[in-house]
Amino acid sequence: MLQKLSPAILAGGLLLAAAISSASAAEREDVRKLINLVTSVKMPYPENLSRNRAKTERVWLERDGATTGCIRLEDRRWCYEHIPPIGNRAEMLRIRNEPSRGVAIGEMFYYIVDFDLDGLIDVGSTTRIDAISRKQPRTPIAEVIEFFHRSTKRGDEHVGKFQKMYDEGIQVALKHFGE
């Protein structure tokens, strides 16, 4: 009886493995689509137009080949940085999620990094802006309240939150970048 079930179990396991790998490949494909989108959009366009209603605020190319583009969506700004491989540095995608009004007490800033563009985050950080003290309540100070690093297994309890934000950031860009 066990010999008859073994091929069925093996076949089921192979089907499950194929389904999981295809889901991962789709995520990897979305990451590549995002990078191609960010590196190809020119914003603002036309450059000299002072009034622009576009959601994509700005895209710029750095001297070392890195491309950064930001989308303003409601009260948040999503920024995407594609950093190409140079020497031993890995190609990476960095996503920032920050308040569109800038630094203010009580606001939260997030960044997520995918080193190998496999759709899984490698670094994540949450920074809260607090007041320095009660004597100076209007002076902001940044405090990192959550940190995740896959290689060292630091902050493993935060991986779900950061992965969800990374996936959301990719979908936001694929839907709104260039508008």
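The rules behind these values
- Residues numbered from 1 in each chain as written.
- Predicted model: local features only at pLDDT ≥ 70, side-chain atom pairs only at ≥ 80, totals over all residues.
- Heavy atoms only, no water.
- Helix = DSSP H or I, 4+ residues; strand = E, 2+ residues; numbered from the N terminus.
- Buried < 20%, exposed > 50% of the residue type's maximum accessible area, 1.4 Å probe, protein only.
- Contact = heavy atoms within 4.5 Å.
- Phe/Tyr/Trp six-rings, centres within 6.5 Å; stacked < 30°, edge-to-face > 60°.
- Polar contact = N/O pair within 3.5 Å; in protein donor to acceptor, adjacent residues only side chain to side chain.

Student: Which parts of the structure should I look at to understand the overall build of the chain?
Tutor: Across its full length, the chain carries two helices and seven strands. From first element to last, N terminus to C terminus, the chain shows the α and β order α-β-β-β-β-β-β-β-α. Burial status across the chain gives 36% buried among its 179 residues. For the chain, contacts bridging at least 24 residues in sequence account for 40% of all contacts bridging at least 6.

Student: What exactly am I supposed to notice about the packing of aromatic side chains here?
Tutor: For any pair of aromatic rings, the description rests on two quantities: the centre-to-centre distance and the angle between the ring planes. Following the criterion strictly, the structure yields one aromatic pair and no others. A ring pair is formed by Y80 and F177, whose centres lie 6.1 Å apart and whose planes are at 85 degrees; its orientation type is edge-to-face. In this pair, Y80 is assigned in strand β3 (residues 76–83) and F177 in the segment after α2 (159–176), connecting sequence segments 97 residues apart. A relative accessible area of 6% places F177 in the buried class.

Student: What is the right way to read the environment of D130 from this model?
Tutor: In this fold, D130 is placed in strand β6 (residues 123–131). By relative accessible area, which is 22% here, D130 ends up partly exposed. Sequence-wise, D130 and P140 are ten residues apart; in three dimensions their C-alpha atoms are separated by 5.5 Å. Every residue in contact with D130, bar those within four places of it in the chain, is listed here: I105, T139, P140, I141 and E143. Only 3.1 Å separates the side chain of D130 from the side chain of R128, close enough to count as a polar contact.

Student: For this particular structure, what's the right way to read unusual backbone geometry?
Tutor: Where the residue is not glycine, phi is negative for most of them; where a peptide bond is considered, it is trans in most cases. One non-glycine residue with positive phi stands out, namely E74, at about 60 degrees. Looking at the element boundaries, E74 is found in the loop between β2 (67–73) and β3. For E74, a relative accessible area of 74% corresponds to the exposed category. One non-glycine residue with positive phi stands out, namely L117, at about 55 degrees.

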